[in-house]
Amino acid sequence: MIFANDLQISADYKAHSIEWALLLVWLVVSKKYLVRTFGCQMNEHDSERIASVLEADGMIPAAGTDEADVIVFNTCCIRENADNKLYGTLGHAKAIRDSNPDLKIMVAGCLAQKDRDLIQKRAPWVDVVFGTNNVSRAAELLRDSEENGPVIEIVDEISSEEVDFAPALNAVRASSFKSWVTIQVGCNNSCAFCIVPSVRGKEVSRSFDHIVSEVTELAAQGVTEVTLLGQNVNSYGRDIALALRKNPGLDHLSAGPYWQSDRRARPLFADLLREVGAIEGISRVRYTSPHPKDLLPETVAAMAETPAVCEHLHLPLQSGSDRVLSLMHRGYDSNRYLEKLAMARKAIPGLAVTTDIIVGFPGETDDDFERTLEVVAEAAFDGAYTFIFSSRPGTEAAKMTDLAVPEEVISERFERLKIVIDRSALQRHSDRVGLLEEVLVEGPSKKNPEIWTGRTRQHKLVHFLAPVVGDQLQPVLSAGSYANIRIDSAAVYFLRGELIEILSSPAVKKRLAFTVG
């Protein structure tokens, strides 16, 4: 005898079987892509956007190069050896292509924007070259290459409307609980060492209301931490304000709810921090990278008065020598930098400050470097990214060959600088011992799964032992959780602590992997 319930179960089973069969067919026939990223956070986010465009076209991620139908190299050109690194990588890709003639190779990003057709001249097996301003056309360009052969498309100028295409909402994010949000592209500065204005163009700010809407939707998807991205992030909105001053009839939503027609044409970044920080579900707001000359009092006030904005400021110094800063065209001197730093620390209790410093800029003397050491010691940074000067063709500094600093001198200075930075970093970290820190859990360590890691609001890395329950030793927390950690010891680059309390669990647990080179 067959009952109605049995019939329903049978029907449900058949329906699920069909769904699984269709899914398996889709997985078999779908092309697979792999994105490899070189460079900064902006490139990482561009890679997420490229992945989203390819997936929207029906592709799925590949586990490795061996099973990929399409490989995308998203490039960087900040460092001198970036060219060699790319062409060496493309040489390896040719070997893969020789064994798989149907493989498609795409080169994107800053180096593509700079080298353009030179890439296909040096590596004719590359199918598509596209730059920083047309990420949204990745799938179209791929199809074009399949039909018509190799394609090169570089776009030099974009509008604010084009910046808004393929935002983080649709990006294939490496994390389900953190997201990059591009608020601005390009740079109007003329730093002598920097290639960015040549490959990213002039500053273009996204519409204020579009950014707020995007972050609101990200929060609805379970994202709790956003990092606002821009080449000169704290000058965000200056171009919008200037446009509105010239033409009051433009859409005021592009400048946000705080805009007044009689307002000076200053950046809108402080307004954006307040508005994004007020979005329900967003617990942490970060931003990178700012320029010291644009660190305005209203930005510091917004950081201090908006609870969601984290107590971390990355403020690139580059050099402590006023003479070198002038050669770099940085727009500030060491005293002005230290004044801005003091302003921020006074307004924001517990502020962690990190920086960037270049060693061996052309013409840097022993006296110049000694002044850098003095300023770094006075600033007492929590950490620093230190770089040996790297000449980039197309920059002003690349022409200063007669002022080059000998390599052995640079190496000695680099080590001396590291000692000063590490000393202040260890002291700052030691000051955290005994404190209860709110940590956003990132997951288990790759080296030791019993050790978990997370980030404090100050962006400090914390290692801690995760508690386990049951015979299977399953952890009781997961990536994306918030937890209180009692700090019990400190090192130069990280803190160690004990898990005291799990504050919340993530709304979304899915996590996708990316390859970053």
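Everything numeric in this text was worked out from a predicted model, so none of it was measured. (Residues numbered from 1 in each chain as written. Predicted model: local features only at pLDDT ≥ 70, side-chain atom pairs only at ≥ 80, totals over all residues. Heavy atoms only, no water.)

Asks: Summarise the pairing of strand E3 (residues 70-75); cite the residues concerned and give the values.
Replies: Across the six residues of E3, six count as buried, placing the element largely inside the fold. Both faces of E3 are covered, namely the face carrying Val70, Val72 and Asn74 and the face carrying Ile71, Phe73 and Thr75. Note that strand E1 (residues 32-37) and E3 share five bridges and pair parallel. Within E3, the position partnered with Val35 by the bridge is Val72. Sheet analysis places E3 next to strand E4 (residues 104-109), joined by six bridges and oriented parallel. Bridge assignment links Ile71 to a residue of E4, and that residue is Ile105. (Buried < 20%, exposed > 50% of the residue type's maximum accessible area, 1.4 Å probe, protein only. Helix = DSSP H or I, 4+ residues; strand = E, 2+ residues; numbered from the N terminus. Pairing = 2+ DSSP bridges.)

Asks: Account for the side chain of Ser321, naming residues and giving values.
Replies: When you line up the elements, Ser321 lands in the loop between strand E12 (312-314) and helix H13 (322-328). For Ser321, a relative accessible area of 3% translates into the label buried. The contact partners of Ser321, leaving out residues within four places of it in the chain, are Asp368, Arg371 and Thr372. (Contact = heavy atoms within 4.5 Å.)

Asks: I'd like to hear about the pattern of salt bridges, residue by residue, with values.
Replies: Enumeration over the complete set of coordinates arrives at 32 salt bridges. Among the salt bridges present, the one from Arg238 reaches Asp294, with a minimum N-O distance of 2.9 Å. Taken together, the residues Arg238 in helix H10 (residues 238-246) and Asp294 in the loop between strand E11 (284-288) and helix H12 (297-305) connect sequence positions 56 residues apart. Since its relative accessible area comes to 25%, Arg238 is described here as partly exposed. The exposure class of Asp294 is buried, given its relative accessible area of 3%. (Salt bridge = Lys/Arg side-chain N within 4 Å of Asp/Glu carboxyl O.)

Asks: Break down the environment of Gly350 for me, citing the residues and quoting the values.
Replies: As for its placement among the helices and strands, Gly350 is situated in the loop between helix H14 (334-347) and strand E13 (352-359). On the basis of relative accessibility, which here comes to 42%, the residue Gly350 falls in the partly exposed class. When the C-alpha atoms of Gly350 and Gln458 are compared, they prove to be 8.1 Å apart, with 108 residues separating the residues in sequence. If we ignore the near neighbours within four places in the chain, the residues touching Gly350 are Glu311 and Gln458.

Asks: Tell me about the packing of aromatic side chains, and please be specific about residues and values.
Replies: The full count for this structure, using the stated rule, is four aromatic pairs. Ring geometry for Phe269 versus Tyr287: centroids 4.8 Å apart, planes at 80°, classification edge-to-face. With a gap of 18 residues between them, Phe269 in helix H11 (residues 269-277) and Tyr287 in strand E11 connect regions that are remote in the sequence. Side by side, Phe269 and Tyr287 carry an identical accessibility label, which is buried. Their ring planes at 75° and their centres at 5.5 Å tell us that Phe361 and Phe389 sit as a pair that is edge-to-face. Taken as a pair, Phe361 in the loop between E13 and helix H15 (366-379) and Phe389 in the loop between strand E14 (383-388) and helix H16 (407-430) lie far apart in primary sequence, 28 residues in all. Accessibility assignment for this pair places Phe361 and Phe389 in one class, buried. Among the aromatic residues, those joined into a ring-pair cluster are Tyr332, Tyr337 and Phe381. (Phe/Tyr/Trp six-rings, centres within 6.5 Å; stacked < 30°, edge-to-face > 60°.)

Asks: Quick one: what's the story with the confidence of the model for the protein chain, residue by residue and with numbers?
Replies: With 87% of its residues at a pLDDT of at least 70, the protein chain reaches an overall mean of 87. Scored below 50 in pLDDT, residues 22-28 shows four contacts in the model against residues more than four places distant or in partner chains. For residues 509-517, every residue scores under 50 in pLDDT, and the model assigns this stretch 27 contacts once sequence neighbours within four places are set aside. (pLDDT = per-residue confidence, 0-100.)

Asks: Give me the environment of Tyr258: which residues, what numbers.
Replies: When you line up the elements, Tyr258 lands in the loop between H10 and H11. Overall, the relative accessible area of 36% leaves Tyr258 in the partly exposed class. Side-chain polar atoms of Tyr258 contact the side chain of Glu275, separated by 3.2 Å. (Polar contact = N/O pair within 3.5 Å; in protein donor to acceptor, adjacent residues only side chain to side chain.)

Asks: Describe the sheet that holds strand E16 (residues 451-456), naming the residues involved and giving the relevant values.
Replies: With respect to topology, five strands assemble into a closed barrel ordered E15-E16-E17-E21-E20, the strand pairing being mixed. Across this sheet, the average inter-strand angle for adjacent strands is 50°, counted without regard to direction. Two strands pair when backbone bridges link them, and strand E15 (residues 436-444) and E16 are joined in this way by five bridges, in the antiparallel orientation. Bridge pairing in E16 places Val439 opposite Thr456. (Axes fitted to C-alpha atoms, helices over the stretch in contact; angles between N-to-C directions.)

Asks: An account of the packing of H12 against H14 is requested, with residue identities and associated values reported.
Replies: Look at H12 against H14: their axes get within 9 Å of each other, and the N-to-C directions meet at 25°. Of the possible angle classes, the one that applies to H12 and H14 is roughly parallel. Between H12 and H14 lies a crossing whose hand is right-handed. Contact residues: H12 offers Pro297, Val300 and Ala304, while H14 offers Met343, Ala344 and Ala347. Within the contact of H12 with H14, the residues separate by chemical class into six nonpolar, no polar and no charged. (Parallel < 35°, antiparallel > 145°, perpendicular 65-115°, else oblique. Left-handed = near helix turned anticlockwise from the far one by under 90°. Nonpolar A, V, L, I, M, F, W, Y, C, P; charged D, E, K, R; others polar.)

Asks: Go over H10 with me, naming the residues and quoting the values.
Replies: Taken residue by residue, H10 has Ile240, Ala241 and Leu244 as its buried positions. Take H10 and look down its axis: the buried residues cluster within an arc of 100°, on one side only. (Arc of directions from axis to C-beta.)

Asks: Report on unusual backbone geometry, specifying residues and quantitative values.
Replies: A cis amide bond links Thr288 to the next residue, Ser289, at an omega of -10°. Residue placement: Ser289 occurs in the loop between E11 and H12. Of note, His329 is a non-glycine position whose phi angle comes to about 60°, a positive value. Tracing the backbone shows His329 in the loop between H13 and H14. Even without being glycine, His459 reaches a positive phi, approximately 70°. For His459, a relative accessible area of 31% gives the class partly exposed.

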